[in-house]
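The residues making up each chain are set out below.
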Amino acid sequence: VGALTWQVVGPVTAGAAGGHEEGEEGSVANNSSLVLLVDVRGIRILMAGDMEPEAQQRLHASLPGLRADVLKVPHHGSRYQDPDLLSSLGARVALVSVGRDNDYGHPAAATVSLLRRSGMRVERTDREGDVAVTVQQDTLGVRTR
């Protein structure tokens, strides 16, 4: 893929007000997900792990102005999302990595709607299969299989 850099940006540890975790079972583990900001060929990708709203809010507070061209949607597009973070990224493409016919109902319709309202093209592995982000002559694209 050429020159690539990555920066670990999460998990951001909870401050004094932390400790209250809402959302799905496993929120503590989900909010401890590794979150990477990857730069490759001039494209910034936020690989958001399984973080839920609490961790998303901490990330947003710790990195104001965070921007990404591509978002790997947190927690398979679950309904537990922080709209402020997701809508502020300026991402053009949202990738939802999710299994077909999963028992959790991922991705949530509300999450997909939020991503689209935020100007993102949403690609889902449960419907599209493999998804690859491409760059040709500085133009961002998507290929599916």
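Model, not experiment: these values are computed from the prediction.

Remarks on the overall build of the protein chain
Check the secondary structure of the protein chain and you find five helices and eight strands. Starting at the N terminus and ending at the C terminus, the protein chain contains elements arranged as β-α-β-β-α-β-α-β-α-β-α-β-β. Against the globule reference of 15 Å for 145 residues, the protein chain gives a C-alpha radius of gyration of 15 Å, in line with a compact fold. Principal-axis analysis of the C-alpha atoms gives the protein chain an extent of 45 × 35 × 25 Å. Taking all 145 residues of the protein chain together, the buried fraction comes to 43%.

A word on helix H4 (residues 109–117)
Along H4, the residues classified as buried are Thr-111, Val-112, Leu-114 and Leu-115. Around the axis of H4, the buried residues are gathered within 160 degrees of arc, so they sit on the same side. Facing away from the buried surface of H4 by more than 90 degrees, the exposed residues are Ala-109, Ala-110 and Arg-117. The elements touched by buried residues of H4 are strand E4 (70–72), helix H3 (83–88), strand E5 (93–96) and strand E6 (121–124).

Thresholds applied
Residues numbered from 1 in each chain as written. Predicted model: local features only at pLDDT ≥ 70, side-chain atom pairs only at ≥ 80, totals over all residues. Heavy atoms only, no water. Helix = DSSP H or I, 4+ residues; strand = E, 2+ residues; numbered from the N terminus. Rg over C-alpha atoms; globule rule 2.2 N^0.38 Å. Buried < 20%, exposed > 50% of the residue type's maximum accessible area, 1.4 Å probe, protein only. Arc of directions from axis to C-beta. Contact = heavy atoms within 4.5 Å.

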